[in-house]
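Listed below, chain by chain, are the residues.
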Amino acid sequence: MFTHSRSDFPQGFVFGAATSAYQIEGHAHGGAGRTIWDDFAAGPGNVVRGEDGALACDHYHRYEADLDLLQAAGFDAYRFSTSWARVMPDGRTVNPEGLDFYDRLTDAMLERGLKPCATLYHWELPSALQDKGGWRNRDIAGWLADFAETIMGRIGDRMYSVATINEFWCVAFLSHFLGHHAPGTRDIRAAARAMHHVLLAHGTAIERMRGMGLSNLGAVFNMEWATPADDRAEAAEAAALYDDYYNHFYISGAFKGRYPDRVVDALGPHLPDGWQDDFGTITAPLDWAGVNYYTRSIIAPNDGPWPHHNSVPGPLPKTQMGWEIYPQGLRDFLVRTAAEYTGDLPLFVTENGMSNADTVAGGVVQDDARIAYFQSHLAAVRDAIAAGVPLKGYMAWSLMDNYEWALGYEKRFGLVHVDFETLERTPKASWHAFKAMLGGD
Ligand code: IFM
């Protein structure tokens, strides 16, 4: 159990759990279109065992029981995402079944007293848009805004909050420079264009939704603390560069209308013509910002191509992902984000959690390591609040075990265990810990 209680957090602090569409819904159902993740998973060696999201947790059919679990634990909010390819299978043409699904899902949240916190884009780009260049193509800004208008035209009246993009760094850098995620591109020019276009699309979608009268609009930035591997000046510089292209680039674009010098020095020649003129849109005012935090990286310089560094193993205990457990980073990012970028704007921790090799024994999943992870990170949240950060909520990743992208179904992040043979759900000890803290039924 946690030593924290609800009363240790400010009045009205929102506790939620998060998921995303492709990771849980089951894209074989409901007329969803093909996505870049279906294509990526079909390629050799891209995804563990070639697994995809065709069935996933079958949330498409089981959403009511899943929402019951959120309600029973006493959560206030559900952070979910809307699949572009479910709503518009070719990225442009509406699938009424897709709209109907999110309409039912929204009402089911409200019936259970859960605040619907939507994210427009959590990575399942329709393949037809990838055929047109995907995030390399500047037109994606208008395409995303059209999608935003379509889905929010149907459910926007009932949303508590709407975010545009989940994790800009993953959409752009991880997927177009490192090639670890769909579309699996390893190309510096594609990466630079995606980095700029994902921000332009974000701002364009914000402007469109604002024009529709929607409020409480934000965006979700993933952050990973960068620690130099040793005392050398080169290691400090490598960590600063990592911090710039991973953490500062997107939030600086969105809130300050400029990119870090180190990144422009390296990627400037690859950015699209006229990128400096887009910041009026990219800085479209937001009502809140979300921070996703999991771990830190230990950065060592190397002689390879830009960015001339790599991550090396660190000394701290690690999760099933091999990620170091470093709660201090969450506290420090929240303090830094408010101090450098967002000021008095409400902040949310929109994702935080760990994967663990959980098993069911006698109907019980005793995930003590996850309870310890949440315990230490909730303490970091309280430290940030005590330091004056206007933090308004915390969302655990994830409500249930799901499709962990290139790592398939092997890595378990859920508060609820999912048996991927039977699709049976078993609340873990960590779910019970939240329930005890939140006063669920
Ligand atoms: O599962 C992902 C999620 O889709 C985005 N944030 C990180 C999680 C864990 O890797």
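Preceding block: the structure.
What counts, and at which threshold
Residues numbered from 1 in each chain as written. Predicted model: local features only at pLDDT ≥ 70, side-chain atom pairs only at ≥ 80, totals over all residues. Heavy atoms only, no water. Near = heavy atom within 4 Å. Polar contact = N/O pair within 3.5 Å; in protein donor to acceptor, adjacent residues only side chain to side chain. Areas by Shrake-Rupley, 256 points an atom, 1.4 Å probe, with all protein chains shown as cover. Nonpolar A, V, L, I, M, F, W, Y, C, P; charged D, E, K, R; others polar. Helix = DSSP H or I, 4+ residues; strand = E, 2+ residues; numbered from the N terminus. Salt bridge = Lys/Arg side-chain N within 4 Å of Asp/Glu carboxyl O. Buried < 20%, exposed > 50% of the residue type's maximum accessible area, 1.4 Å probe, protein only. Axes fitted to C-alpha atoms, helices over the stretch in contact; angles between N-to-C directions. Left-handed = near helix turned anticlockwise from the far one by under 90°. Contact = heavy atoms within 4.5 Å.

**Some remarks on the site of the ligand**
Residues in contact with the ligand, as listed here, are Gln23, His122, Trp123, Asn166, Glu167, Tyr294, Trp323, Glu351, Trp397, Glu404, Trp405 and Phe413. Contact distances for the ligand include 2.7 Å between an oxygen atom and a side-chain N or O atom of glutamine 23. Glutamate 351 is positioned such that a nitrogen or oxygen atom in its side chain is 2.5 Å from a nitrogen atom of the ligand. Here the ligand has 280 Å² of accessible area as a free molecule, and 95% of this is covered by the chains. Residue composition of the shell around the ligand, grouped by class: 6 nonpolar, 3 polar and 3 charged.

**Structural notes on unusual backbone geometry**
Cis rather than trans, the peptide bond between tryptophan 306 and proline 307 has omega equal to 15°. One can find proline 307 in the loop between strand E6 (288-301) and strand E7 (309-312). Cis peptide bonds are those with omega within 30 degrees of zero, and the linkage from tryptophan 397 to serine 398 qualifies with 10°. Examined against the element boundaries, serine 398 turns out to sit in the loop between strand E9 (391-397) and strand E10 (416-418). Positive phi, normally seen in glycine, also occurs at alanine 56, with a value near 50°. Following the sequence through the fold, alanine 56 ends up in the loop between helix H2 (36-41) and helix H3 (59-73). Unusually for a residue other than glycine, leucine 423 sits at a positive phi of about 65°. Tracing the backbone through its elements, the reader meets leucine 423 in the loop between E10 and strand E11 (425-427).

**Here's the deal with the pattern of salt bridges**
Following the criterion strictly, the structure yields 35 salt bridges and no others. Residue arginine 154 pairs with aspartate 103 through a salt bridge whose shortest N-O separation is 3.6 Å. With a gap of 51 residues between them, arginine 154 in helix H7 (residues 140-155) and aspartate 103 in helix H5 (residues 96-111) connect regions that are remote in the sequence. Looking at aspartate 103, the relative accessible area reads 18%, which means it is buried. Note that aspartate 146 is salt-bridged to arginine 208, the shortest N-O span being 2.9 Å.

**Details of helix H15 (residues 429-438)**
Summarising burial for H15: 7 of the 10 residues are buried, a large majority. Directly after H15, the chain includes glycine 439, whose backbone phi takes a positive value near 75°.

**Brief notes about the packing of H7 against helix H9 (residues 188-211)**
Two elements in contact, H7 and H9, have axes separated by 8 Å at closest approach and are oriented at 35°. Considering only the axes of H7 and H9, their crossing is right-handed. From H7, Ile140, Ala141, Gly142, Leu144, Ala145, Asp146, Ala148, Glu149 and Met152 reach across to H9, where they touch His197, Leu200, Ala201, His202, Thr204, Ala205, Arg208 and Met209. For the contact of H7 with H9, the per-class residue count stands at 10 nonpolar, 4 polar and 3 charged.

**A closer look at the side chain of histidine 417**
Inspection of the secondary structure assignment puts histidine 417 in strand E10. Residue class for histidine 417 comes out buried when judged on its relative accessible area of 7%. Polar contacts involving the side chain of histidine 417 include one to the side chain of arginine 412, which spans 3.4 Å. Excluding residues that lie within four positions of it along the chain, histidine 417 makes contacts with Asp358, Val360, Val365, Asp401, Arg412, Glu424, Arg425, Thr426 and Lys428.

**Digging into the environment of serine 175**
Summarising the element assignment, serine 175 is placed in helix H8 (residues 168-176). As a C-alpha pair, serine 175 and asparagine 310 span 135 residues in sequence and 17 Å in three-dimensional space. With near-sequence residues (within four places) excluded, serine 175 lies in contact with Cys170, His181, Ala182, Pro183, Gly184 and Thr185. A distance of 3.3 Å separates a polar side-chain atom of serine 175 from the backbone oxygen of alanine 182.

**Description of the environment of alanine 357**
With respect to the helices and strands, alanine 357 occurs in the loop between strand E8 (347-351) and helix H14 (368-386). The class of alanine 357 is exposed, set by a relative accessible area of 59%. Along the primary structure alanine 357 and glycine 304 are separated by 53 residues, whereas in three dimensions their C-alpha atoms are 34 Å apart.

The analysis is restricted to geometry; functional conclusions fall outside its scope.
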